[in-house]
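A closer look at the structure
Single-letter residue listing:
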Amino acid sequence: MSPRYYSGHGAPLDATDLVGRGGEGAVYGLSDARLVVKIYNSPVDPRKAEKLRWMADNCSDQLLKTSAWILDTAHDRLG
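In this report, we go over the structure that sits alongside the text.

**A closer look at the overall build of the chain**
Scanning the chain from N- to C-terminus turns up two helices and five strands. When the helices and strands of the chain are placed in sequence order, the string is β-β-β-β-α-α-β. Its C-alpha atoms give the chain a radius of gyration of 12 Å, within 12% of the compact-globule value 12 Å for 79 residues. Overall, the C-alpha framework of the chain stretches about 35 × 30 × 25 Å when taken along its three principal axes. A separation threshold of at least 6 residues defines the contact pool for the chain, and within that pool the share at least 24 residues apart is 23%. Carbon and sulfur atoms make up 53% of the accessible area of the chain, which amounts to about 6000 Å² in all. Side-chain charges of the chain comprise 10 positive and 10 negative groups, with the mean position of each set lying 4 Å from the other.

**Quick word on the pairing of strand β4 (residues 36-40)**
Only one face of β4 is buried, namely the one carrying Val37 and Ile39, since none of Val36, Lys38 and Tyr40 on the opposite face is buried. Two strands pair when backbone bridges link them, and strand β3 (residues 25-30) and β4 are joined in this way by five bridges, in the antiparallel orientation. Counterpart to tyrosine 28 in the pairing with β4 is valine 37. Hairpin connection from β3 to β4: five residues lie between these consecutive antiparallel strands.

**Describing the side chain of threonine 73**
With respect to the element layout, threonine 73 can be found in the loop between α2 (61-66) and β5 (74-75). Looking at threonine 73, its side chain comes within polar contact range of the side chain of histidine 75, at 2.9 Å. For threonine 73, the residues in contact, after removing those within four places along its chain, are Tyr6, Ser7, Gly8, Leu52 and Arg53.

**Remarks on the pairing of strand β2 (residues 12-21)**
Judged from the three bridges that link them, strand β1 (residues 4-7) and β2 form a sheet pairing that is antiparallel. Looking across to β2, one finds that tyrosine 6 is bridged to proline 12. In this structure, the hairpin formed by β1 and β2 is closed by a connection of four residues, where glycine 10 is found at a positive phi of approximately 90°. Looking at chain direction, β2 and β3 are connected through four bridges and run antiparallel. Paired with glycine 20 across the two strands is valine 27, which belongs to β3. As consecutive antiparallel partners, β2 and β3 are separated by three residues.

The rules behind these values
- Residues numbered from 1 in each chain as written.
- Predicted model: local features only at pLDDT ≥ 70, side-chain atom pairs only at ≥ 80, totals over all residues.
- Heavy atoms only, no water.
- Helix = DSSP H or I, 4+ residues; strand = E, 2+ residues; numbered from the N terminus.
- Rg over C-alpha atoms; globule rule 2.2 N^0.38 Å.
- Contact = heavy atoms within 4.5 Å.
- Areas by Shrake-Rupley, 256 points an atom, 1.4 Å probe, with all protein chains shown as cover.
- Lys, Arg positive; Asp, Glu negative; His and termini not counted.
- Charge placed at Lys NZ, Arg CZ, Asp CG, Glu CD.
- Buried < 20%, exposed > 50% of the residue type's maximum accessible area, 1.4 Å probe, protein only.
- Pairing = 2+ DSSP bridges.
- Polar contact = N/O pair within 3.5 Å; in protein donor to acceptor, adjacent residues only side chain to side chain.

Okay, structure coming up:
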């Protein structure tokens, strides 16, 4: 069974294959092959969590044309 995560808006994110692993965590594919989810090895500190939320909230079409950019946060449980 693949890992289950949830978006910051509560939508289920079903992780597929492991894409890569690094010092901070692991990246998994999602059922939408255009997207991946990064799962951190340890809970992120509040400052980093706020930065990630800010990045997701400030995504734009222009950013998506030129970079890999965070669309939403991911969580291991609802709430």
